[in-house]
Amino acid sequence: MVSRLILYGEGNFKNNSLNPGPKFGEPIPNVTVAVGRDASLPCVVENLGNHKVAWVHIDRRMILTIHKHIVTRIPRFSVSYDSHKTWLLHVNSVQQEDRGYYMCQVNTEPMISQVGYLQVVVPPNICDDDSSESHVAVREQANITLSCKAEGFPEPRITWKREDGQPFSIEKRRKVNSSDGERLQLYKISRLEMGAYLCIASNGVPPSVSKRIIVDVEFQPMIWVPNQLVGAPAGTNVTLECNTEAFPRAISYWVYDDLMILTTGKYNTEAGETSYRTHMRLTIRNLREKDFGKYRCLSKNSLGEAEGAIRLY
């Protein structure tokens, strides 16, 4: 059917019985090229004589070149010929629509032709508009679904991993280190699974790409006290400690005799924070009788509050 596209003198040149007619010296190879790069398809013809060579894009039903002349109006196509019988079809800055079968024809009677395939591969690209936001929040013990959509050719494969390499829970608390698919369903997420998740798209065409999604797990404060009863002699210094966990980050402070304790010459307060954990320290200097009693450490955020108590004697 495609051969009917060529009407440039088909059969005008009769083969002389003393001279062999045109024939193809080798098949057209299938060529794979990344989008945006240049590609060439060779057609080797022996004994061409006065016959002419043409290139056709079969999928578009489009005549591209006839002999040394460019027929198509697409400027990215060109043709060159060397003395070694090779007719090269050049495609500059290859686009996805250039993918398909290309036919090299010679206007013998009957016409002879051969076909090669140009495969255009496209590196993966993540579609932000169709993917989860870069920062999401969820309550602890709830389920959450992250999505990641990528385009490219061949179709990209999506792999999910935690940035810190730690496992995470899918399919009713089954722990895995990675998961495939456009959607990642996290079941009954815990604070231990808070952090950055990577959606990695790859299809064998470099480079692979990734999207970083930070998952915040929100929960009300919790407090535990290493030592609820602390003794120290008068005249010495003593340090009390509380550990808290909360997200969003909590406001943490100490209370004694229903008054908030501030850092002064008598007291020194410190708080070391790592992720959702806070280590609270209260140092009381030069203990006196009035300093003995019940101290409270408190932690508050938008979801609730908690407190711990330490008796100093």
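Residues numbered from 1 in each chain as written. Predicted model: local features only at pLDDT ≥ 70, side-chain atom pairs only at ≥ 80, totals over all residues. Heavy atoms only, no water.

1. Quick look at the pattern of salt bridges
Where charged atoms from two side chains of opposite charge approach closely, those side chains can pair.
Thinking step 1. Under the criterion given, the structure shown has 18 salt bridges.
Thinking step 2. The shortest N-O distance in the salt bridge between Glu307 and Arg296 comes to 3.0 Å. Here Glu307, found in strand E28 (residues 304-312), pairs with Arg296, found in strand E27 (residues 293-301); they are 11 residues apart in sequence, far enough to count as distant. (Salt bridge = Lys/Arg side-chain N within 4 Å of Asp/Glu carboxyl O. Helix = DSSP H or I, 4+ residues; strand = E, 2+ residues; numbered from the N terminus.)

2. Some words on the pairing of strand E11 (residues 135-139)
Every regular strand shows the same layout, with side chains that alternate between the two sheet faces.
Thinking step 1. Judged by which residues are buried, E11 turns out to be one-sided: Val136 and Val138 face inward and are buried, whereas His135, Ala137 and Arg139, on the alternate face, are not.
Thinking step 2. Summarising the sheet, E11 and strand E20 (residues 209-224) pair through 5 bridges and their orientation is parallel. Residue pairing for E20: Ala137 is matched across the bridge by Asp216. (Buried < 20%, exposed > 50% of the residue type's maximum accessible area, 1.4 Å probe, protein only. Pairing = 2+ DSSP bridges.)

3. Re the sheet that holds strand E7 (residues 77-81)
Thinking step 1. Here we have 4 strands laid out as an open sheet, ordered E1-E3-E8-E7, and antiparallel in their pairing. Of all strands in the sheet, those with a lone pairing partner are strand E1 (23-26) and E7, marking the two edges. Neighbour to neighbour, the strand axes of the sheet diverge by 30 degrees on average, direction disregarded.
Thinking step 2. In terms of strand pairing, E1 meets strand E3 (residues 39-46) through 3 bridges, oriented antiparallel. Along E3, the bridge assignment pairs Glu26 with Val44. (Axes fitted to C-alpha atoms, helices over the stretch in contact; angles between N-to-C directions.)

4. Some words on the packing of aromatic side chains
Thinking step 1. With the rule as written, the count across this model stands at 5 aromatic pairs.
Thinking step 2. Note on Tyr81 and Trp87: the rings are 4.4 Å apart at their centroids and 35 degrees apart in plane angle, and the pair reads as tilted.
Thinking step 3. Residue class for Trp87 comes out buried when judged on its relative accessible area of 2%.
Thinking step 4. Taken together, a centroid distance of 4.6 Å and an interplanar angle of 70 degrees make the contact between Tyr101 and Tyr117 edge-to-face. Here Tyr101 is found in strand E9 (residues 100-106), whereas its partner Tyr117 is found in strand E10 (residues 112-126), with 16 residues between them in sequence.
Thinking step 5. Look at Tyr101 and you get partly exposed, because its relative accessible area is 44%.
Thinking step 6. One Lys or Arg, Arg99, reaches over the ring of Phe153 and ends 3.9 Å from the middle of that ring. (Phe/Tyr/Trp six-rings, centres within 6.5 Å; stacked < 30°, edge-to-face > 60°. Lys NZ or Arg CZ within 6 Å of the ring centre and 35° of its normal.)

5. Focus: the environment of Ser132
Thinking step 1. Looking at the secondary structure, you find Ser132 in the loop between E10 and E11.
Thinking step 2. A relative accessible area of 11% means that Ser132 is categorised as buried.
Thinking step 3. Separated by 178 residues in sequence, Ser132 and Ile310 have C-alpha atoms that sit 45 Å apart.
Thinking step 4. Not counting residues up to four positions away in its chain, the partners in contact with Ser132 are Thr145, Leu146, Ser147, Lys211 and Ile213.
Thinking step 5. Within the structure, Ser132 has its side chain in polar contact with the backbone nitrogen of Ser147 (distance 2.8 Å). (Contact = heavy atoms within 4.5 Å. Polar contact = N/O pair within 3.5 Å; in protein donor to acceptor, adjacent residues only side chain to side chain.)

6. Concerning the nonpolar core
Thinking step 1. Residues Leu146, Trp160, Leu184, Leu186 and Val215 are the most contacted members of the largest nonpolar core, which totals 25 residues.
Thinking step 2. Of all the elements in the fold, those that place two or more residues in this core are E11, strand E12 (144-147), strand E14 (157-162), strand E15 (168-170), strand E18 (183-186), strand E19 (195-202) and E20.
Thinking step 3. Element by element, the count of residues in this core is highest for E20, at 4 residues.
Thinking step 4. Dropping the residues within four chain positions of it, Leu146 is found in contact with Ser132, Val136, Trp160, Glu182, Arg183, Leu184, Leu186, Tyr197, Ile213 and Val215.
Thinking step 5. The next biggest cluster of nonpolar side chains, apart from the first, holds 22 residues, and it includes Val33, Leu41, Trp87 and Val106. (Core = buried A, V, L, I, M, F, W, Y, C linked by side-chain atoms within 4.5 Å.)

7. A look at the UniProt feature "domain: Ig-like" (unreviewed entry) in the protein
Thinking step 1. Within the UniProt annotation, "domain: Ig-like" (unreviewed entry) is assigned to residues 22-107, 124-210 and 221-311.
Thinking step 2. Along residues 22-107 one finds 0% helix and 53% strand; the C-alpha atoms at either end are 9 Å apart. (UniProt positions renumbered as here; feature names shortened; annotations may be inferred.)

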